[in-house]
2 protein chains.
Amino acid sequence: MDVVTRIEQALNGAIGRAETANSPPKLASALRYAVFPGGARVRPQLCLAVAGACGDDTPALSDAAAAAIELLHCASLVHDDLPCFDDADLRRGKPTVHAIHGEALAVLVGDGLIVMAFEALAMAGAAEPQRLPALTTTIARAVGAPRGLVAGQAWESEPDPVLSEYQRAKTGGLFTAATVSGAVAAGADPGPWRGLGDHLGEAYQIADDLRDALCTAEELGKPVGQDEALGRPNAVEEFGVDGALGRLQQTLNAAVDSIPDCPGAAELQQLVLLQGKRLTPKQLAAVSVA
Amino acid sequence: MDVVTRIEQALNGAIGRAETANSPPKLASALRYAVFPGGARVRPQLCLAVAGACGDDTPALSDAAAAAIELLHCASLVHDDLPCFDDADLRRGKPTVHAIHGEALAVLVGDGLIVMAFEALAMAGAAEPQRLPALTTTIARAVGAPRGLVAGQAWESEPDPVLSEYQRAKTGGLFTAATVSGAVAAGADPGPWRGLGDHLGEAYQIADDLRDALCTAEELGKPVGQDEALGRPNAVEEFGVDGALGRLQQTLNAAVDSIPDCPGAAELQQLVLLQGKRLTPKQLAAVSVA
């Protein structure tokens, strides 16, 4: 089965468990709305690519890790869009969860997706329980306090956030967790895979800042100019467009270079190059990623 | 070490991990504020009481289960108090998290506490990984969709909620998880302990409805009359004060009767009786729990 199908099936399985005869119907519908149709699913793809490079001896567990990471990412988007944060009406080209279902359900959808992520991990972990503690703590640390997604969001409430700490927490953590958890789910040493996640996370954040500054809302399917409007620390403000672009190239190159020698190395390099292309704003497409 | 100290130490350990030099300071402070000083800590006490009755051969794991349950309970209170839900200014006799720290941080505190709960479980689970899948899914199901806390809250957005389903999800689930997880953490069969959690959860919900209808805000440390004001389904509306009181007695009696024959049975009966007394509104103190 191809990676994209595996990811969608794992996500569908998790969301489906919340759609029983006894579910509150609006919540069930809003949970599905928040996850389908998805974005690029780049984090779960990365997770499964690394699991594959490490032998992927327990596919159900790597699928669960990939799905958990995507569910947590979706949860963060739903809460991030709330009026008390970005107050965004548009996400992936359609109305945000709170715009459709109201704030209360949007808070609950985020909460429900977080819980669902850890439930999916635990269920699949029954097959290889000795891998579950490291797998769960890896993913939990990427999304919690003091250095995960929640901390990243919280830096936006601080008067003087450190850009590197903010970006690592808000974006980098989940990329690092994607590569590390892919290895752990396959029973491999995650050490050699950490660098790939670190570099990709940094690249993704820089690209996101560039796109926020340079793209139209139509191109992104969400509001733009949010960093400047909300006074959030960002790479374009700190380094300028050219400086940010240079850093994007450097980090993508570092990501490619960090891939360990393994059977799936060529596919992984392709995945990184493809992401690099996808992330670069069209008006800057001259940027070469190599 | 006594049970109360074990619970506070486990909670303090979890919150302390979010208070590193790199934490966003407001988030770290708000996380602690949401958990300390606590309420009656009735769910974690119940969890440890059952673990004790089952031999408690891995105290660090039962402590983690107890702490996880309390962290998830605290998370639900923080989100429940938000303006888009109860819009409550007071909780445990002090300003709510959003009243002090703002809505954005309150959303993040809830998210962070949910993640922290599963991280604490996973860390302690390394000692007995084969218990971790069942322990985690038990607790996740009690707080997620379709039948946990999140679903319970979501029923409040439905036009025609079923009282029993709503109460089970909103309150009962976490009580049942407390007894079941206490047994699972100790490596015991959780089956005989499910009834105790079920009955106590129902009793607690009825008592909560009675207190909301009959107590003053000063007595409870939080706003009262919320059920009626927000048109929420509740036992007082459904059965009247006398009817609700009768059901409270029945369920407390059923809880006492359900305790399996075991070394700690007498202490557990005492805990139930004490809770029954604590939960009954003072003006109804004539109610006898036996």
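Parameters and conventions
Sequence positions are assigned chain by chain, starting from 1 and proceeding in written order. All chains are assigned letters beginning at A, and all ligands numbers beginning at 1, according to the order in which they are written. The predicted nature of this model means local features are confined to residues of pLDDT at least 70 and side-chain atom pairs, given and counted, to a pLDDT of 80 or more, with totals for whole chains, interfaces and linings taken over all residues. The side-chain quantities take in all heavy atoms of the structure and omit both hydrogens and water. Secondary structure elements follow DSSP: runs of H or I of four or more residues count as helices, runs of E of two or more count as strands, with numbering from the N terminus. Only C-alpha atoms enter the radius of gyration, while the globule expectation follows 2.2 Å times N to the 0.38, with N the number of residues. Working definition: with a 1.4 Å probe on protein chains only, accessible area under 20% of the residue-type maximum means buried, over 50% means exposed, and in between means partly exposed. Residues are treated as being in contact if the distance between any of their heavy atoms lies within 4.5 Å. Note on areas: Shrake-Rupley with a 1.4 Å probe; residue coverage comes only from the protein chains shown. None of His or the chain ends enter the tally, which takes Lys and Arg as positive and Asp and Glu as negative. Note that the charge is assigned to NZ on lysines, CZ on arginines, CG on aspartates and CD on glutamates. Once two parts are joined, some of their accessible surface, as seen by a 1.4 Å probe, is lost; buried area is that loss totalled over both. A side-chain nitrogen of Lys or Arg and a carboxyl oxygen of Asp or Glu constitute a salt bridge if their distance falls within 4 Å. Pairs of N or O atoms within 3.5 Å make up the polar contacts considered here, provided that, within protein, one atom can donate a hydrogen while the other can accept it, and that residues adjacent in sequence are counted only when both atoms are side-chain atoms. The classification used treats Ala, Val, Leu, Ile, Met, Phe, Trp, Tyr, Cys and Pro as nonpolar, Asp, Glu, Lys and Arg as charged, and all other residues, Gly among them, as polar. Overlaid copies result from least-squares superposition on C-alpha atoms, with residues included only where pLDDT is at least 70 in both. A patch is a set of surface residues, each over 30% in relative accessible area and not in a salt bridge, joined within 9 Å for like charges and within 5 Å for the nonpolar side chains Val, Leu, Ile, Met, Phe, Trp and Tyr. Fitting a line to C-alpha atoms yields each axis, with helices limited to the stretch in contact; the angle taken between N-to-C directions then spans 0 to 180 degrees. Roughly parallel covers angles under 35 degrees, roughly antiparallel covers those over 145, roughly perpendicular covers 65 to 115, and oblique covers all other angles. Between 30 and 60 degrees the pair is tilted, below 30 it is stacked and above 60 it is edge-to-face, where a pair is any two Phe, Tyr or Trp rings, Trp via its six-membered ring, whose centres lie within 6.5 Å. For a lysine, the NZ atom is tested; for an arginine, the CZ atom; a charge sits over a ring if that atom is within 6 Å of the ring centre and within 35 degrees of the ring normal. Expected span of a helix, by definition, is 1.5 Å for each gap between consecutive residues, and there is one gap fewer than residues. Crossing handedness: left-handed means the near helix sits turned counterclockwise from the far one by under a right angle, and right-handed means the same turn made clockwise.

1. Remarks on the overall build of chain A
(1) Moving on: For chain A, the count of helices and strands is 14 helices and two strands.
(2) Moving on: Here chain A has a C-alpha radius of gyration of 18 Å; the compact-globule value for 290 residues is 19 Å, and the two agree.
(3) Moving on: In chain A, which comprises 290 residues, the share counted as buried stands at 59%.
(4) Moving on: Contacts spanning at least 24 positions in sequence make up 68% of the contacts within chain A whose residues lie at least 6 apart.
(5) Moving on: For chain A, the accessible surface area stands at approximately 10600 Å², while carbon and sulfur atoms represent 53% of it.
(6) Moving on: Computed over 22 positive and 36 negative side-chain charges, the separation of the two mean positions in chain A equals 4 Å.

2. Some thoughts on the interface of chain A and chain B
(1) Moving on: The interface of chain A with chain B comprises 51 residues on the first partner and 51 residues on the second.
(2) Moving on: In total, chain A and chain B occlude about 4300 Å² of area from one another, counting both sides; carbon and sulfur atoms represent 75% of this.
(3) Moving on: When the buried surface of chain A facing chain B is broken down by residue, Leu108, Val115 and Pro146 of chain A rank first, second and third, together holding 12% of it.
(4) Moving on: On the surface where chain A and chain B come into contact, there are two salt bridges.
(5) Moving on: Between Arg141 of chain A and Glu119 of chain B there is a salt bridge, and its shortest N-O distance comes to 2.9 Å.
(6) Moving on: There are eight residue pairs in polar contact (both at pLDDT 80 or more) connecting chain A and chain B.
(7) Moving on: For the side of chain A that touches chain B, the elements supplying multiple residues, two or more each, are α2 (25-35), α6 (103-125), α7 (132-143) and α8 (149-155) of chain A.
(8) Moving on: Broken down by element, the side of chain A that touches chain B gets its largest block of residues, 14 residues, from α6 of chain A.
(9) Moving on: Grouping the constituent residues of the side of chain A that touches chain B by class yields 30 nonpolar, 12 polar and nine charged.

3. Some words on the relation of the copies chain A and chain B
(1) Moving on: At an RMSD of 0.0 Å, chain A and chain B line up after a rotation of 180 degrees and a shift of 0.0 Å along the axis. Both chain copies can therefore be described as sitting about a two-fold axis. Minimal C-alpha distance to the rotation axis in chain A is attained by Pro129 of chain A, lying at 2.7 Å.
(2) Moving on: Most of the interface of chain A is mirrored in chain B, where 100% of its interface residues again form contacts.

4. Here we look at a negative patch on the surface
(1) Moving on: There is a patch of like negative charges on the surface, built from Asp87, Asp89 and Glu103 of chain A together with Asp87, Asp89 and Glu103 of chain B.
(2) Moving on: Relative to the assigned elements, Glu103 of chain A resides in helix α6.
(3) Moving on: By relative accessible area, which is 30% here, Glu103 of chain A ends up partly exposed.

5. Details of the side chain of Thr136 of chain B
(1) Moving on: Inspection of the secondary structure assignment puts Thr136 of chain B in helix α7 (residues 132-143).
(2) Moving on: Taking relative accessible area as the criterion, Thr136 of chain B reaches 6% and is therefore assigned buried.
(3) Moving on: Those residues in contact with Thr136 of chain B that sit more than four places away from it in its chain are Phe118 and Ala122 of chain A together with Phe118 and Leu121 of chain B.

6. Some remarks on the packing of helix α13 (residues 235-258) of chain A against helix α14 (residues 265-279) of chain A
Packed helices, taken two at a time, are described by the angle between their axes plus the distance between the axes.
Residues and elements named next belong to chain A.
(1) Moving on: Where α13 contacts α14, the two axes come as close as 9 Å, and the packing angle between them is 170 degrees. Put simply, α13 runs roughly antiparallel to α14. For the pair α13 and α14, contact is made by Leu252, Ala255 and Val256 and by Gln269, Val272, Leu273 and Gly276, respectively.
(2) Moving on: Classifying every residue of the contact of α13 with α14 by side-chain character gives five nonpolar, two polar and no charged.

7. Structural notes on the packing of aromatic side chains
(1) Moving on: Applying the stated criterion across every chain yields a total of three aromatic pairs over all chains.
(2) Moving on: Between Arg43 of chain B and the ring centre of Tyr204 of chain B, over which it is positioned, the NZ or CZ distance is 5.0 Å.

8. A short note on helix α3 (residues 42-53) of chain B
Residue and element names in this part refer to chain B.
(1) Moving on: Taking 1.5 Å as the rise per residue, α3 with 12 residues should run 16 Å; its terminal C-alpha atoms sit 16 Å apart, in good agreement.
(2) Moving on: Taking burial as the measure, the 12 residues of α3 include 10 buried ones, the bulk of the element.
(3) Moving on: Close packing links the buried residues of α3 with α1 (3-16), α4 (59-80), α9 (163-185), α10 (194-214) and α14 (265-279).
(4) Moving on: Gly55 sits one or two positions beyond α3 and adopts a positive phi of about 100 degrees.

9. Side note on the side chain of Ser76 of chain B
(1) Moving on: As for its position among the elements, Ser76 of chain B is in helix α4.
(2) Moving on: Polar side-chain contacts of Ser76 of chain B include one of 2.8 Å to the backbone oxygen of His73 of chain B.

10. Considerations on the pattern of salt bridges
(1) Moving on: Tallied over the entire structure, the rule returns 29 salt bridges over all chains.
(2) Moving on: Where Lys170 of chain A meets Glu156 of chain A, a salt bridge forms, and the shortest distance between an N and an O atom there is 2.7 Å. Here the residue Lys170 of chain A occupies a position in helix α9 (residues 163-185), and Glu156 of chain A occupies one in the loop between α8 and α9, the gap between them amounting to 14 residues.
(3) Moving on: Glu156 of chain A gets classed as partly exposed once you look at its relative accessible area, which sits at 25%.
(4) Moving on: When the shortest N-O distance is used, the salt bridge between Arg92 of chain B and Glu70 of chain B registers 3.6 Å. With Arg92 of chain B in the loop between β1 (90-91) and β2 (94-95) and Glu70 of chain B in helix α4, this pair connects stretches of sequence that are 22 residues apart.
(5) Moving on: Bridged by salt links that share partners, the residues Glu8, Arg41, Glu70 and Arg92 of chain A form one connected network.

11. As for the packing of α4 of chain B against α7 of chain B
Residue and element names in this part refer to chain B.
(1) Moving on: Between α4 and α7, the least distance of the axes is 11 Å, while the angle of their chain directions is 15 degrees. Between α4 and α7, the crossing angle belongs to the class labelled roughly parallel. Of the two possible hands of crossing, α4 and α7 adopt the one that is right-handed. In this structure, α4 contributes Leu61, Ala65, Ile69 and Leu72 to the contact, and α7 contributes Leu135, Ile139 and Val143.

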